[in-house]
Amino acid sequence: MAEMTVSVAVALVMVVLFETETLLPGVLPGEGNAAFLCLSAMEIITICMLPLALRLFKIKRVGADLAAGRERALALWGSVRMMMMCLPLVANVLMYYLFDLKPAFFYMAVICLIALVFVYPSKDRCLSETGGAE
């Protein structure tokens, strides 16, 4: 839960700082190789992390740790799952403003924000997804 709260708060602070022009948006040029490479990398990272985060508890090793009822494993894998969406969220918000308001970064940040609702690692959800509640 802390990962999600901190990441969303950091993203909101960045939005406020850039929108009030405390930090100047568009510092990096919106066109060119750097923008293309960053956009391509963030698209791949976001597209790969989303299904992986949603299916993380179905991986045998992770599922075995969680099904064994280890509280420590639950906290660890829950944090990993949250960070798989939180880090791309913050990076996409930052790159949206740095690369002259490219809308693709904004859309990927919104996708990550929406996905956070589906990867929130409550104990009941962890147990039901691993088959431990049976």
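Just above, that's the structure.
A. Quick look at the overall build of the protein. Regarding its fold elements, the protein presents six helices and zero strands. Overall, the protein shows an N-to-C arrangement of helices and strands of α-α-α-α-α-α. Taken over 134 residues, the protein has a buried fraction of 34%. The long-range fraction of contacts in the protein, counting pairs at least 24 apart against all pairs at least 6 apart in sequence, stands at 76%. Roughly 7900 Å² of accessible area belongs to the protein as shown, and the carbon and sulfur atoms make up 71% of that amount.

B. Structural view of unusual backbone geometry. Phi is positive for Asp 100, which is not a glycine, with a value near 55°. Along the chain, Asp 100 falls in the loop between helix H4 (71–98) and helix H5 (103–119). Even without glycine at this site, Leu 101 takes up a positive phi of about 60°. Mapped onto the fold, Leu 101 is located in the loop between H4 and H5.

C. Quick peek at H4. Helix length check: H4 (28 residues) gives 40 Å between terminal C-alpha atoms against 40 Å at 1.5 Å per residue, within 8%. The largest bend in H4 amounts to roughly 30° and is located at Met 83. Backbone geometry just after H4 places Asp 100 at a positive phi near 55°.

D. Main features of the packing of aromatic side chains. Applying the stated criterion across every chain yields a total of five aromatic pairs. Relative to Tyr 97, the ring of Tyr 96 lies with its centre 4.9 Å away and its plane at 75°, an arrangement referred to as edge-to-face. Neither Tyr 96 nor Tyr 97 differs from the other in exposure class; each is buried. Measuring from ring centre to ring centre gives 5.6 Å for Tyr 96 and Phe 106, while their planes differ by 45°; the resulting arrangement is tilted. Separated by ten residues along the polypeptide, Tyr 96 in helix H4 and Phe 106 in helix H5 bring together distant segments of the chain.

Cut-off values and rules
- Residues numbered from 1 in each chain as written.
- Predicted model: local features only at pLDDT ≥ 70, side-chain atom pairs only at ≥ 80, totals over all residues.
- Heavy atoms only, no water.
- Helix = DSSP H or I, 4+ residues; strand = E, 2+ residues; numbered from the N terminus.
- Buried < 20%, exposed > 50% of the residue type's maximum accessible area, 1.4 Å probe, protein only.
- Contact = heavy atoms within 4.5 Å.
- Areas by Shrake-Rupley, 256 points an atom, 1.4 Å probe, with all protein chains shown as cover.
- Expected span 1.5 Å × (residues − 1).
- Bend = angle between axes of the 7 residues up to and from the residue.
- Phe/Tyr/Trp six-rings, centres within 6.5 Å; stacked < 30°, edge-to-face > 60°.

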